[in-house]
Number of protein chains: 2
Amino acid sequence: MKNYFSSDFKLGILGGGQLGRMLLAETQKLDIHTSILESNKNAPCAEICNRFVIGNLLDFDAVYNFGKTVDLLTIEIENVNLDALDQLEEEGLTIYPKPKDLRIIQSKARQKNFYIDHQIPTAAFSHYAYLEELKHSYENSIVDFPFVWKAARFGYDGTGVKIVRNFADLESLPNVECITEKLIPFKNELAVIVARNADGKVKTYPVVEMEFHPEANQVEYVICPARIDFKTAEKAKEIALKVVSDLDFVGLLAVEMFQTVDDKILVNEVAPRPHNSGHYSIEASYTNQFEQHIRSILNLPLGNTDSKVAGIMVNLVGEEGYSGDVIYENIEEILQIDGVTPHIYGKKETRPFRKMGHVTIVNSDMTKAREIAQKVKETIKVISK
Amino acid sequence: MKNYFSSDFKLGILGGGQLGRMLLAETQKLDIHTSILESNKNAPCAEICNRFVIGNLLDFDAVYNFGKTVDLLTIEIENVNLDALDQLEEEGLTIYPKPKDLRIIQSKARQKNFYIDHQIPTAAFSHYAYLEELKHSYENSIVDFPFVWKAARFGYDGTGVKIVRNFADLESLPNVECITEKLIPFKNELAVIVARNADGKVKTYPVVEMEFHPEANQVEYVICPARIDFKTAEKAKEIALKVVSDLDFVGLLAVEMFQTVDDKILVNEVAPRPHNSGHYSIEASYTNQFEQHIRSILNLPLGNTDSKVAGIMVNLVGEEGYSGDVIYENIEEILQIDGVTPHIYGKKETRPFRKMGHVTIVNSDMTKAREIAQKVKETIKVISK
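Residues numbered from 1 in each chain as written. Chains lettered and ligands numbered in written order. Predicted model: local features only at pLDDT ≥ 70, side-chain atom pairs only at ≥ 80, totals over all residues. Heavy atoms only, no water.

Engineer: Provide a residue-level description of the pattern of salt bridges, including the pertinent values.
Structural biologist: Counted according to the given criterion, the structure contains 46 salt bridges over all chains. With its nearest N and O atoms 3.1 Å apart, the salt bridge here joins B:Arg21 to A:Asp31. Of this pair, B:Arg21 sits in helix 1 (residues 18-29) while A:Asp31 sits in the loop between helix 1 (18-29) and strand 2 (33-38), on two different chains. Assigned by exposure class, B:Arg21 and A:Asp31 land together as buried. Residue A:Lys68 is joined to A:Glu91 by a salt bridge in which the shortest nitrogen-to-oxygen separation is 2.6 Å. You can see A:Lys68 sitting in the loop between helix 2 (60-67) and strand 4 (72-75) and its partner A:Glu91 sitting in the loop between helix 3 (82-90) and strand 5 (94-95), a full 23 residues away along the chain. Judged by its relative accessible area of 37%, A:Glu91 falls in the partly exposed class. Several salt bridges converge on common partners, so that one network encompasses A:Glu26, A:Lys29, A:Glu291 and A:Arg295. (Salt bridge = Lys/Arg side-chain N within 4 Å of Asp/Glu carboxyl O. Helix = DSSP H or I, 4+ residues; strand = E, 2+ residues; numbered from the N terminus. Buried < 20%, exposed > 50% of the residue type's maximum accessible area, 1.4 Å probe, protein only.)

Encoded structure:
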C-alpha cells in the first residue's frame with residue numbers, strides 16, 4: 001500500500017464547495033495532503049485546505065495543469081472538463097471516479113441510455129437537442145402534460161428540473177438540451193449510497209428516504225433508515241449495486257430512486273460523489289460518507305456503513321425574500337435540543353433557496369428524531385442582516 | 001446572542017497542536033473564523049485555520065499583540081503568558097478559561113493548595129523550590145522512597161512526572177521547582193470532563209477509565225464508560241463538579257482522579273481544555289468534547305454528553321528506536337476492522353513516545369470494543385522510513 005498519511009502523497013480535488021469542505025474534515029483527520037481547484041476564491045474550502053488553486057473547472061488548461069501537480073485526482077462536483085481528465089489519465093494519473101463514468105453521468109441523456117442498455121429500471125424518456133424540438137414534439141402530440149423536464153447538463157439541487165403542467169410552463173423553459181420523462185406517481189423518493197474501491201470491494205449504506213420542498217424542489221428531510229419494508233429496501237440496494245457494478249465504478253455513488261405506487265423501484269439519477277442524502281452519516285454512521293469516499297478512491301479497506309443511531313438531516317436553505325450577509329436565526333434554540341448538530345458551509349451571503357448548511361438530528365428513537373427534525377425545521381431560519 | 005457563524009467574529013486560540021487541530025474541525029463545521037498563535041510553523045494547525053500567526057506563547061508581546069486581533073480568546077495548551085492575558089482581560093477582551101484559573105492550574109503546587117483550601121480530596125504533598133531542598137528533605141527523613149515527583153510547571157503527557165524509588169532516581173531528577181506526593185496504591189485512574197458556560201450551565205461527560213503505559217507514563221487505553229460501580233462513578237462526578245464550581249470555571253475542564261484501593265476518590269490534576277481522556281467522544285458521544293469546548297466558551301447551550309455507543313481510545317505514540325519521517329505501519333489492517341477510526345495529528349516526524357495520533361474504537365458491545373482495542377494496539381506501529 002502507498003503511504004498516504006503524513007506523507008508527500010498529494011490528493012487533488014476538483015471543486016471547493018461544501019462537499020469538498022466536508023471531505024477536508026476527513027483528509028485532515030487522516031493527515032492526507034489535499035489540493036483543491038475551484039473558481040470562487042471565497043468558496044467553502046478556501047483557507048482550510050493545504051493548497052487552494054483558483055481556476056475554472058470547465059477549462060481544459062486549468063484542470064490539466066492542476067492534475068499535473070497531484071498524485072491522485074477526485075471530484076466533489078461532476079461538471080468538470082473531461083477532455084483534460086482523459087488526457088491526464090492517458091498520461092498515467094489515477095482518477096476516481098473514472099472519467100468514462102463521469103462522461104456518462106454528466107449527461108442525463110447518457111445516464112438514461114445507460115440504464116436502458118443495462119436493463120436498470122428507470123422511467124421512459126425522450127431526448128431533445130433544443131427547446132424547439134420539444135415544442136415540436138408537443139405540437140405533434142408526442143408528449144403530453146404533465147411531464148418532467150430535465151436539463152441534460154449542469155443541473156444541481158433541483159435546478160434544471162421542472163414539472164411542466166401547461167403551455168406557459170413549456171414556454172418558460174430555457175433553450176437547452178434536455179430530456180423529458182413521464183410524471184410517475186410515487187410513494188417515496190429513496191437513495192442508496194454505495195462505495196466501491198479499486199479492488200472491487202463494495203459496501204452499501206442503508207436505504208434513506210427523502211422528502212422534498214414542494215416549490216424549491218430541494219430535499220427537506222433525509223431520513224435514515226427509510227421507513228419502508230425490508231423487501232423494498234433489499235430491492236433498492238440490489239438495483240444500486242447493479243448500477244455500480246455495470247459502471248465498473250470506483251468511488252462513492254449515490255443512487256436516487258423512486259418507489260412507485262405499485263412498489264416498483266425506478267432509478268432517477270446518480271451522483272458520483274458524497275451526496276446530500278448521506279450527510280446524516282457524519283453523526284449517525286460508524287463510517288461517514290466522506291471518510292468512505294476517501295477510503296474508496298485510495299483503495300483502502302471500506303468502513304462499516306451501519307448506523308449507531310437513527311439520523312435525520314434537514315437542509316438549511318436561504319429563506320425567500322432575504323439576500324446578503326447571512327444570519328442563522330434561532331440557531332441557539334436548536335443547539336438546546338439533544339442530538340442536534342448544525343453544519344454551516346461557510347457561504348457568507350444568503351440568497352433564496354441557496355444551500356447554506358444542514359442540521360443533523362440523531363436519536364436512538366426514530367419517532368423522536370422525526371419530531372425534533374420538524375421542530376428544527378420550524379425554528380431555524382436562514383435570513384440576512 | 002452574538003452572531004458567531006459565517007460572521008466577522010474572530011476566535012483566537014493559543015496553541016496549534018493536535019488539540020487545536022481537533023478544535024478546528026468544529027470551528028469549520030460551524031464556520032467560526034479562527035486565528036491561531038503557535039511557535040512551530042509546521043504545527044498540526046498550520047495550513048488549515050483561517051489565520052496562522054507564528055509566535056512564542058510564553059512571550060508577553062506575542063500573546064498580547066495576537067489577543068488584540070481577536071474577539072474572544074481561548075487556549076489549547078495552558079503554558080501561555082498569563083501577564084499578557086491579565087492585561088488583555090483588563091482591556092476588555094473575553095478570555096475563557098479565565099486567566100485566574102489558568103494561573104492556578106499552570107502550577108501543580110497552586111493546584112494542590114487550591115484542592116486543600118477547598119477540601120477537595122487529593123493526595124498529601126510537599127512543595128520544593130529546587131532539587132536541593134528535596135534532597136535535604138530526604139536526608140532529614142522527611143520524605144521516604146518510594147514517592148511521586150512532579151515538576152511544578154510545564155509537564156505534559158507524563159513528562160514531568162516520575163516515581164522515585166531510590167537515591168539514583170532522586171539524583172537523576174532535574175533541578176526545578178517541584179512537588180512530591182505519597183505513592184498511593186490505586187485500583188483505577190479515572191477522568192471526568194465537565195463543561196460550563198458563562199451562564200453557569202454545566203454538563204458532565206461519563207466517567208472514563210485510563211490505563212497507562214508502564215514505562216512512558218502515557219495513557220494507553222481510555223475506556224468510556226469506566227467499568228466501575230454506579231456509586232463510584234457518581235462520587236467521581238460530584239468531585240469533578242465541585243472543582244469546576246469552586247474555580248468558577250468557564251470552558252472545558254478535564255479532572256483526572258484516582259480510585260484508591262479503599263474506594264476513595266482523589267483528584268490528581270486538572271486540564272483546562274479538551275483532553276486526551278475525551279478523544280473517544282468524537283465517535284462515541286452525541287456532542288464531542290471539542291464542539292462542547294466551543295459551545296461553552298461562546299456561552300452557547302451545552303450539548304448532550306451521553307454516548308451513542310461504547311468507546312475506547314488508543315494513543316498512537318512513536319515506537320522506541322525510531323526517529324524521522326513517520327510511517328503508520330499496518331494502518332490498512334486496522335482500517336479493515338468495523339468501528340475503528342484513526343486520527344493522524346499531522347506531525348511529519350516521529351520520535352520515541354511522541355504522541356502522533358490516536359485510534360478510536362466504537363462498538364455497541366464494550367467487551368467486543370475492548371478486544372478490538374487490544375488488537376489495534378498490537379497491530380499498528382508508528383515507525384520511521
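Having seen the structure, we can now continue with the description.
Engineer: With reference to specific residues and values, describe unusual backbone geometry.
Structural biologist: Cis geometry marks the peptide bond from A:Tyr96 to A:Pro97; its omega dihedral reads -5°. Relative to the helices and strands, A:Pro97 resides in the loop between strand 5 and helix 4 (99-106). Cis geometry is adopted by the peptide bond preceding B:Pro225, which originates at B:Cys224 and carries an omega value of 0°. With respect to the helices and strands, the residue B:Pro225 is situated in the loop between strand 13 (219-224) and helix 8 (230-247). Phi angles above zero are rare outside glycine, and B:Phe353 is one such case at about 70°. Of note, B:Phe353 is situated in the loop between strand 19 (349-350) and strand 20 (355-363). Classification of B:Phe353 as partly exposed rests on a relative accessible area of 26%.

Engineer: Lay out the domain arrangement of chain A with the relevant residues and their values.
Structural biologist: All names here are of chain A. With domains assigned, chain A is organised as domain 1 (10-95), domain 2 (124-182), domain 3 (185-308) and domain 4 (309-385). For domain 1 versus domain 3, the separation of C-alpha centres amounts to 24 Å. Tallying the contact residues gives 15 residues for domain 1 and twelve residues for domain 3. Buried area between domain 1 and domain 3, both sides added, is near 1,300 Å², and the carbon and sulfur share of it is 75%. Our enumeration of links across domain 1 and domain 3 arrives at two salt bridges. Among the salt bridges present, the one from Arg273 reaches Glu78, with a minimum N-O distance of 2.6 Å. (Domains from an automatic or database assignment. Contact = heavy atoms within 4.5 Å. Buried area = accessible area lost by both parts, 1.4 Å probe.)

Engineer: Just give me the short version of helix 8 of chain B, but keep the residues and values in it.
Structural biologist: Residue and element names in this part refer to chain B. Helix length check: helix 8, at 18 residues, gives a terminal C-alpha distance of 26 Å against a target of 26 Å (1.5 Å per residue), a fit within 8%. Within the span of helix 8, buried status applies to Thr232, Ala233, Ala236, Ile239, Ala240, Val243, Val244 and Leu247. Projected onto a plane normal to the axis of helix 8, the buried residues spread over an arc of 140° and lie on a single side. In helix 8, the exposed residues that point more than 90 degrees away from the buried face are Phe230, Lys231 and Glu238. Check the buried side of helix 8 and you find it contacts helix 4 (99-106), helix 5 (108-117), strand 10 (186-196), strand 14 (251-260) and strand 15 (265-271). Residue Asp229 occupies the N-cap position of helix 8, its side-chain oxygen lying 3.2 Å from the main-chain nitrogen of Lys231. In the stretch just after helix 8, Asp248 is the one whose phi turns positive, near 50°. (Expected span 1.5 Å × (residues − 1). Arc of directions from axis to C-beta. Polar contact = N/O pair within 3.5 Å; in protein donor to acceptor, adjacent residues only side chain to side chain.)

Engineer: Describe the state of the cysteines, listing the residues and the values that go with them.
Structural biologist: Going through the model one piece at a time under the given rule, you end up with zero disulfides over all chains. With no disulfide partner, B:Cys45 has as its closest neighbouring cysteine sulfur the one in B:Cys49, 6.2 Å distant. (Disulfide = S-S within 2.5 Å.)

Engineer: An account of the sheet that holds strand 5 (residues 94-95) of chain B is requested, with residue identities and associated values reported.
Structural biologist: Residue and element names in this part refer to chain B. Reading across the sheet, the five strands line up as 3-2-1-4-5 and stay open at both edges, with parallel pairing between neighbours. Strands at the two margins of the open sheet, each flanked by one partner only, are strand 3 (51-54) and strand 5. Here strand 2 (residues 33-38) pairs with strand 3 via four bridges, running parallel. Residue Ile36 lies in a different strand from strand 3, and its bridge partner there is Phe52. Together, strand 1 (10-14) and strand 4 (72-75) form the strand contacts of helix 10 (residues 289-297), whose direction differs from that of strand 4 by roughly 145°. (Pairing = 2+ DSSP bridges. Axes fitted to C-alpha atoms, helices over the stretch in contact; angles between N-to-C directions.)

Engineer: Any chance you could break down the interface of chain B and chain A for me, citing the residues and the numbers?
Structural biologist: Facing the 44 residues of chain B at the interface are 44 residues of chain A. Carbon and sulfur atoms supply 52% of the area that chain B and chain A bury against each other, a total of about 3,900 Å² over both sides. Interface area lost by chain B to chain A is led by B:Gln28, B:Tyr286 and B:Leu335, which between them contribute 15%. One can count 16 residue pairs in polar contact (both at pLDDT 80 or more) joining chain B with chain A. Within the residue set of the side of chain B that touches chain A, elements represented by two or more residues are helix 1, helix 10, strand 17 (324-329), helix 11 (331-335), strand 18 (340-344) and strand 20 of chain B. The element best represented in the side of chain B that touches chain A is strand 18 of chain B, accounting for five residues. Of the residues contributing to the side of chain B that touches chain A, the split by class is 19 nonpolar, twelve polar and 13 charged. (Nonpolar A, V, L, I, M, F, W, Y, C, P; charged D, E, K, R; others polar.)

Engineer: How would you summarise the UniProt feature "binding site: ATP" (unreviewed entry) in chain A if you had to cite specific residues and measurements?
Structural biologist: Residue and element names in this part refer to chain A. When the UniProt feature table is mapped onto this chain numbering, "binding site: ATP" (unreviewed entry) sits at Lys108, Lys150, Glu181, Lys182, Leu183, Ile184, Glu189, Asn268 and Glu269. Looking at the element boundaries, Leu183 is found in the loop between strand 9 (178-182) and strand 10 (186-196). Of the residues examined, Leu183 reaches a relative accessible area of 31% and is grouped as partly exposed. In contact with Leu183, not counting residues within four places along its chain, are Pro146, Phe147, Val148, Ile163 and Arg165. Topologically, Glu269 is positioned in strand 15 (residues 265-271). Owing to a relative accessible area of 19%, Glu269 belongs among the buried residues under this scheme. (UniProt positions renumbered as here; feature names shortened; annotations may be inferred.)

Engineer: Outline the environment of B:Val309, supporting the account with residue identities and numerical values.
Structural biologist: Tracing the sequence through the fold places B:Val309 in the loop between helix 10 and strand 16 (310-317). Since its relative accessible area comes to 8%, B:Val309 is described here as buried. Spatially, the C-alpha atoms of B:Val309 and B:Thr74 are 30 Å apart, while their sequence positions differ by 235 residues. Contacts of B:Val309, omitting those with residues within four sequence positions, involve A:Tyr286, A:Lys308, B:Ala284, B:Val362, B:Asn363 and B:Ser364.

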